[in-house]
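# Chain and residue survey
Here's the letter readout for the chains.
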Amino acid sequence: MASAQGSSSPVKCGLSPRSKLYSKINEHLSEDQVKSLRAMLITDHHIGKGKIENATPHEIFTMLEADNKIGEGNLGLLKDLLIALKEIQLAKEVDDLERDQRTGISKLHSEFGFKVEELKPKGGGHVVPGSSIPLILPNDLKYNASTGAVQKIQDNQRTSLHVVPEALELLEGIEEPVSVQAICGPCRSGKSYILSRLLGTADAFELGHRMDPQTFGIWMGTKVLRGKDFTIVLLDTEGIDAVTASAGQDASILVMTILLSSRLIYNSLNVPHMGDLEKMQCFIKLATGVTVKQGEASNVSAFRKFFPDFMWLLRDVSLKMEDENGKEMDPSDYLVKRVFRRNPNAFEESTTDMVRRAILTFFPSAECAILERPSDKKEVMNNIAQHTDSLNPEFNKGVDDLVVRLLLKARAKRGYHEGSKVSGLALSIMTKQYVEAVNDPNSIPALDNTWQNTIELMQNRAIEEAVMEYNKQMQAQIAEARMTKNGEVPLEEGEIDTPIQPTIMGLHNASVKTVTSILLKKVGHFQISTGNQGTENQDSGEINAVVDQMQKRLVQQEERAVDGIRGLVVTGGELFHYIQQNREHSKNFCKGLYEHLLDPIRKRVESPPPDFDFDKLTRELAAAREQYKKQARGPEKWVVLQEMDTSAVKLQAQIDKMGYQKKLMQQQQRAHEAELRAKEREEEILNQLKQLKDQLQTQRETLQEIIQQYERQITQMKQDMEERHAVALQRIEDLKNAKMAEQAEIARDLLEKERASTREKIKKMENEQADLYRQLEEVLDQQKKATPPPKPSLKEKCTIS
């Protein structure tokens with residue numbers, strides 16, 4: 001990672017396949033070709049002459065990587081250079097490698113259903129430089145987004161932490177649940193290299209080769225492992241016991257890492273002895289650094305429900321782990337039975353005892369993995385990223401086995417409530433809240449309060465994004481539906497017998513269905529019900545309430561009766577804007593059409609030709625009306641026809657002068673008006689009923705989807721309960737083996753309470769699910785009753801006054 005001096009990121013050249021290819025090209029090119037290579041790069045100003053005058057091809061490629069001219073998935077320049085040197089086969093190998101790197105799929109990752117993907121800012125901003133970015137930094141450092149470097153802030157003393165907005169923006173783009181794999185431990189112990197190998201590279205996180213630490217604060221990989229159910233995010237942390245940080249600062253970094261991660265890997269060198277545990281005193285401070293519930297003292301065992309799994313990774317281990325009798329032991333058994341075992345004869349609890357008790361009681365599981373020394377050669381150890389192929393085969397195999405182990409055991413980060421999951425977006429919100437709490441000497445990060453605040457922010461954001469998506473879809477669909485071969489025309493509002501185009505309500509219903517599904521996906525992994533949302537919507541759960549809130553933003557309706565038939569009328573919301581806009585368009589369109597059809601008749605009445613008589617006038621008016629009915633569009637067509645028919649009254653004076661049959665004309669006019677009023681009422685009734693049916697259909701589909709989410713979450717809660725039960729039983733056994741009988745008994749009591757509590761929550765959710773089924777039955781019954789009335793006959797229409 002970037003150093004505190006603010007220099008540019010060091011060379012990124014550790015990908016084993018790339019290094020192999022660079023070496024192959026280096027060995028293959030003749031002396032004349034190397035000279036031509038240097039000349040081409042100097043001529044095209046890719047590298048200065050002084051830098052490459054005596055450099056080998058491999059060194060030249062390393063320089064190009066340092067300047068971001070080539071790199072992972074970006075080898076176009078190298079391919080062009082080889083083609084110019086007439087090395088077509090080597091150019092093809094470069095092309096193949098570039099394609100493989102761009103797909104981001106390694107054999108190992110794909111075997112477990114993961115794909116390496118580069119994170120992009122949610123807002124579509126600039127791509128973040130480098131393969132890692134600081135998520136949290138001490139206040140004496142700042143991140144330069146344009147260079148990807150970290151710079152020292154002059155005269156600032158390290159007293160607090162701050163989040164890096166560019167990193168949060170990357171996290172916000174992950175809307176699915178995340179599994180956060182974090183690593184911590186002493187400085188200079190090779191933490192960054194392990195995370196890089198987990199991504200299938202050797203240098204995704206900057207590796208330090210000097211005595212000063214290279215990592216400050218908490219860093220995040222800009223690439224993730226995207227899986228079917230969750231995305232793996234990697235965090236690298238500042239070394240514990242760095243000379244630049246105090247014990248309190250170590251504790252702050254550790255607290256933040258634990259709060260954000262799903263698995264915490266503690267990385268250290270060699271097999272630890274009991275005395276080595278004293279170096280891990282920051283773990284003791286966890287009890288005072290975090291609380292489960294705001295304002296309540298927490299039993300330390302309660303943290304296991306929310307803390308990450310713990311893995312102690314022992315590096316440079318070549319000796320066998322044996323028990324007192326010389327029998328070889330599994331590393332995890334050795335950790336619990338030898339390293340964590342308390343001396344039963346000790347009178348007082350030592351610092352070592354407190355550390356081992358903290359690890360065994362805080363974390364839901366504790367396991368151990370070992371790796372042999374990478375190499376005995378100094379030049380290899382100085383930069384193992386550049387010598388992956390030269391490393392100890394047993395070390396490389398051990399790393400691959402560790403990656404498999406981590407991928408197999410990866411799980412989505414749990415939220416505070418049963419069955420809930422943390423998304424990347426939620427993690428970004430939680431990060432800001434936790435940093436604020438850690439920085440405040442009078443505040444302690446509270447898991448429940450942070451989670452509830454996160455849920456509220458996420459739900460509000462999800463609703464806003466759903467509304468934006470609805471408007472985007474409606475605008476695009478309306479624009480497309482209005483365009484015909486005869487130009488732009490308005491749309492019908494509701495149900496019609498023979499729809500030529502989609503209707504406004506039809507487009508609305510389709511958009512609502514889409515955005516409701518999107519909303520459920522965004523908020524579904526939080527929680528279904530909290531049981532504290534007040535009386536309204538409490539029975540149907542929080543997600544149902546969130547969907548209802550979103551849908552009320554889109555459309556507000558009132559129940560009204562027309563001719564004894566009750567239905568719904570749109571009175572507000574986003575939909576109302578589109579209805580008003582369409583009605584205005586319909587009114588102008590229909591007025592223009594009517595005037596176009598009536599104007600020739602008006603001119604003939606004002607200046608009648610010799611053969612123009614009353615019968616011909618009647619026929620022309622009737623033909624104009626029929627033509628209008630065929631061409632008129634939108635909800636205002638009958639209103640406009642009724643308004644414009646009054647124009648015939650203006651012709652009355654002319655008609656009287658010509659001796660036309662006034663009485664017959666008036667009878668026809670009244671019949672037309674009655675027909676229009678009947679048609680208008682008929683459409684209003686049908687529209688109201690259609691809206692009611694649409695609303696019931698939306699309720700039905702939403703309830704069905706929420707019921708399915710209940711089913712999935714109940715199943716997941718039962719599965720989690722059994723998994724936690726198995727882990728807890730193993731933990732109780734570990735405590736017994738570590739001679740901590742009192743802690744083992746406390747853990748057993750807590751396990752029984754947790755199982756009882758989970759069973760109670762599952763029962764409550766099953767009751768809520770049953771209530772949703774009852775609501776669904778009511779909706780289905782209402783759908784059967786919402787049938788339109790029979791259409792009136794022509795005689796009935798004409799008798800309506």
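Now for a quick tour of the structure.

Reading the values: rules and limits
- Residues numbered from 1 in each chain as written.
- Predicted model: local features only at pLDDT ≥ 70, side-chain atom pairs only at ≥ 80, totals over all residues.
- Heavy atoms only, no water.
- Axes fitted to C-alpha atoms, helices over the stretch in contact; angles between N-to-C directions.
- Helix = DSSP H or I, 4+ residues; strand = E, 2+ residues; numbered from the N terminus.
- Parallel < 35°, antiparallel > 145°, perpendicular 65-115°, else oblique.
- Left-handed = near helix turned anticlockwise from the far one by under 90°.
- Contact = heavy atoms within 4.5 Å.
- Nonpolar A, V, L, I, M, F, W, Y, C, P; charged D, E, K, R; others polar.
- Buried < 20%, exposed > 50% of the residue type's maximum accessible area, 1.4 Å probe, protein only.
- Pairing = 2+ DSSP bridges.
- Phe/Tyr/Trp six-rings, centres within 6.5 Å; stacked < 30°, edge-to-face > 60°.

### Focus: the packing of helix H9 (residues 191-198) against helix H15 (residues 393-409)
One way to put it is that H9 packs onto H15 with a least axis distance of 10 Å and a crossing angle of 65°. The angle between H9 and H15 falls in the class roughly perpendicular. Crossing of H9 against H15: the hand is right-handed. Where H9 approaches H15, its residues Tyr193, Ile194, Arg197 and Leu198 are matched on the opposing element by Phe395, Asn396, Val399, Asp400, Leu402, Val403, Leu406 and Leu407. Looking at the contact of H9 with H15 residue by residue, the classes come out as 9 nonpolar, 1 polar and 2 charged.

### Concerning the pairing of strand E3 (residues 141-144)
Every other side chain in a regular strand lies on the same face of the sheet, so the side chains alternate between the two faces. Of the two faces of E3, the one holding Leu141 and Tyr143 is buried and the one holding Lys142 and Asn144 is not buried anywhere. From the end of E3 to the start of strand E4 (residues 149-152), which pair antiparallel, there are 4 residues, and glycine 148 there has a positive phi angle of about 80°.

### Regarding the packing of aromatic side chains
Evaluated as defined, the whole model comprises 11 aromatic pairs. Look at tyrosine 266 and tryptophan 312: their rings are 5.3 Å apart centre to centre, the planes differ by 90°, and that puts the pair in the edge-to-face class. Of the two residues, tyrosine 266 is situated in strand E10 (residues 263-269) and tryptophan 312 in strand E11 (residues 309-315); the sequence distance between them amounts to 46 residues. Pair check on accessibility: tyrosine 266 and tryptophan 312 agree, each one buried. An angle of 15° between the planes, with centres 5.1 Å apart, marks the rings of phenylalanine 306 and tyrosine 416 as stacked. Remark: tyrosine 416 occurs in the loop between H15 and helix H16 (424-439) and phenylalanine 306 occurs in the loop between helix H11 (286-289) and E11; sequence separation between them is 110 residues. You'll find phenylalanine 306 and tyrosine 416 in the same group, each marked buried. Each member of the aromatic cluster is reached from another via a ring pair, and the members are Phe307, Phe310, Phe362 and Phe363.

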